[in-house]
Amino acid sequence: MNLPDAMRMILAESAACPELMRVARDAYDDLAAGRRVHHATLSWVVREASRKDLYGVLIRKHGAAVFDDVITVLCREIDRQAPVPSR
């Protein structure tokens, strides 16, 4: 799974959460156009999806393996972009 596909999965299941749906749609549009989405936006989507129990919906509708792929792709991109704090 790639990053636009993972964001599309979040977007597809976020209709009940208007703010999450708006941010996910904007992020997906940027990713589909080949633009980078800032790690803070991706982090917000991951947290908000958890808070709104979107993860349960993804697992029930698509299975645990698909859920794992979605979250892994999003978290890897967040990790890749996030600054490393200096010690």
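See the structure printed just above.
Quantities reported herein were computed from a predicted structural model and do not represent experimental measurements.

Novice: It is not clear to me how the pattern of salt bridges should be interpreted in this structure. Could you clarify?
Specialist: When their charged atoms lie close together, side chains carrying opposite charge are able to pair. Evaluation of the coordinates by the stated rule reveals 7 salt bridges. The salt bridge involving Lys-61 is made with Glu-13; its shortest N-O contact spans 3.1 Å. Taken together, the positions of Lys-61 in helix 4 (residues 54-62) and Glu-13 in the loop between helix 1 (3-12) and helix 2 (18-32) put the pair 48 residues apart, joining distant regions of the chain. Judged by its relative accessible area of 14%, Glu-13 falls in the buried class. Each of the salt bridges in this network shares a partner with another, and the network as a whole consists of Glu-19, Arg-22 and Asp-26.

Novice: Any chance you could explain unusual backbone geometry here in plain terms?
Specialist: Working note: non-glycine residues mostly have negative phi, and peptide bonds are mostly trans. Backbone geometry places Asp-53, a non-glycine residue, at a positive phi of 60 degrees. As for its position among the elements, Asp-53 is in the loop between helix 3 (39-51) and helix 4.

Novice: Honestly, the packing of helix 3 against helix 5 (residues 64-81) in this entry has me stumped. Any pointers?
Specialist: Describing two packed helices takes the angle between their axes plus the distance from one axis to the other. With their axes 9 Å apart at the nearest point, helix 3 and helix 5 run at an angle of 145 degrees to one another. Note on packing geometry: the crossing formed by helix 3 with helix 5 is left-handed. On helix 5, the residues that touch His-39, Leu-42, Ser-43 and Val-46 of helix 3 are Leu-74, Glu-77, Ile-78 and Gln-81. Looking at side-chain class alone, the contact of helix 3 with helix 5 contains 4 nonpolar, 3 polar and 1 charged residues.

The rules behind the values
- Residues numbered from 1 in each chain as written.
- Predicted model: local features only at pLDDT ≥ 70, side-chain atom pairs only at ≥ 80, totals over all residues.
- Heavy atoms only, no water.
- Salt bridge = Lys/Arg side-chain N within 4 Å of Asp/Glu carboxyl O.
- Helix = DSSP H or I, 4+ residues; strand = E, 2+ residues; numbered from the N terminus.
- Buried < 20%, exposed > 50% of the residue type's maximum accessible area, 1.4 Å probe, protein only.
- Axes fitted to C-alpha atoms, helices over the stretch in contact; angles between N-to-C directions.
- Left-handed = near helix turned anticlockwise from the far one by under 90°.
- Contact = heavy atoms within 4.5 Å.
- Nonpolar A, V, L, I, M, F, W, Y, C, P; charged D, E, K, R; others polar.

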